[in-house]
Amino acid sequence: MEKVTSAIQVIPVEYYMYISFALFAIGVLGVLYRRNTIIILMCIELMLTSVNLLFVAFSAYHSDPAGQVFVFLVMLVAAAEVAVGLSILVMMKRKINSVDIDLLSRLKDEK
Amino acid sequence: MIVLFYLITVIMLVSAVMVVFSKYPVNSVISLIICFLAVAGHYILLNAQFLAVVHIIVYTGAIMVLFLFVLMLMNLNSKVESQRSVLMKIAAVVSCGLLFIVLVAALKRSFEIPVDKPFDNSIGLVKNLGRVLFSDFLLPFETSSVLFLSAMIGAVMLGKKDLKTEV
């Protein structure tokens, strides 16, 4: 326990900001790079996790528990989002037999 | 401790990159589980033990099992998938690199907010966090149950085999 708290005081908070930025950028890369809907959902999870990491870092460095409560609520929202997103994916697979995200552009208008 | 920090960071970033670039979706899911475990390690380094446990239970325990279930039940683990064009891939890599550079540049020009509270290493423990959650944040916590209920109804509605009413 004592060692862990000294680790917080050794590592500056900027390091956590850098790795959180990198994780967010990787999530954005995945959303732009792939066409598989399930990978895109996972990359959205990555972005949410990077924001959570930054919240926890600032909460720990400023000794404020409100940030960690907020992370808890973000986790709940992420769980709900994945449940709905995966059921949309199941329906998409059943209707058009594909998980390609570009095929969903036909939702735009009927013509 | 610094070594541990760098080790966890490298594991986290490498597995995050593997989520994007692996060929099979199941490999992506396994990489994402490793990435989330590394993030839980970061939480423990930051003295947020409660959130580390919740993160492991919710993400690797519930969400990733859901992903794996959908992958296996829908038989989606095929290597052949339609790829984006090379131009689009280059644009994706360049734009996400630019996003990272912009964020770092914004950090470079920022200033540090002074810490006004004395350092407390027990804020991430269950005792303290539970007290805050059920006193200051009681309303958002209870409202999230309504969110869960609506998500559950939505998932059941969307996942039903075929609705009798024609759309």
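Here is what the cut-offs are and how they apply
Residues numbered from 1 in each chain as written. Chains lettered and ligands numbered in written order. Predicted model: local features only at pLDDT ≥ 70, side-chain atom pairs only at ≥ 80, totals over all residues. Helix = DSSP H or I, 4+ residues; strand = E, 2+ residues; numbered from the N terminus. Rg over C-alpha atoms; globule rule 2.2 N^0.38 Å. Contact = placed C-beta atoms within 7 Å. Nonpolar A, V, L, I, M, F, W, Y, C, P; charged D, E, K, R; others polar. Domains from an automatic or database assignment.

### Concerning the overall build of chain B
Okay, so step 1: Assigned secondary structure in chain B consists of six helices and zero strands.
Okay, so step 2: When the helices and strands of chain B are listed from N to C terminus, the series reads α-α-α-α-α-α.
Okay, so step 3: Against the 2.2 N^0.38 benchmark of 15 Å for 167 residues, chain B shows a C-alpha radius of gyration of 21 Å, more extended than a compact globule.
Okay, so step 4: Along the first, second and third principal axes, the C-alpha atoms of chain B reach 60 × 40 × 30 Å.
Okay, so step 5: Long-range pairs, those at least 24 residues apart, make up 55% of the contacts in chain B between residues at least 6 apart in sequence.

### A word on the interface of chain A and chain B
Okay, so step 1: Contact residues are listed per partner, giving 63 residues for chain A and 69 residues for chain B.
Okay, so step 2: Every element with two or more residues in the side of chain A that touches chain B is listed here: α1 (2-10), α2 (13-33), α3 (37-62) and α4 (66-96) of chain A.
Okay, so step 3: Considering every element that reaches the side of chain A that touches chain B, the biggest residue donor is α4(A), with 20 residues.
Okay, so step 4: Considering only residue class, the side of chain A that touches chain B consists of 46 nonpolar, nine polar and eight charged.

### Brief notes about the domain arrangement of chain B
Residues and elements named next belong to chain B.
Okay, so step 1: Once the domains are mapped, chain B shows domain 1 (1-78) and domain 2 (122-160).
Okay, so step 2: Summarising the inter-unit geometry, the C-alpha centres of domain 1 and domain 2 are found 22 Å apart.
Okay, so step 3: Every contact between the two is made by five residues of domain 1 and, on the other side, four residues of domain 2.
Okay, so step 4: Of the residues in the side of domain 1 that touches domain 2, the class split is three nonpolar, two polar and no charged.

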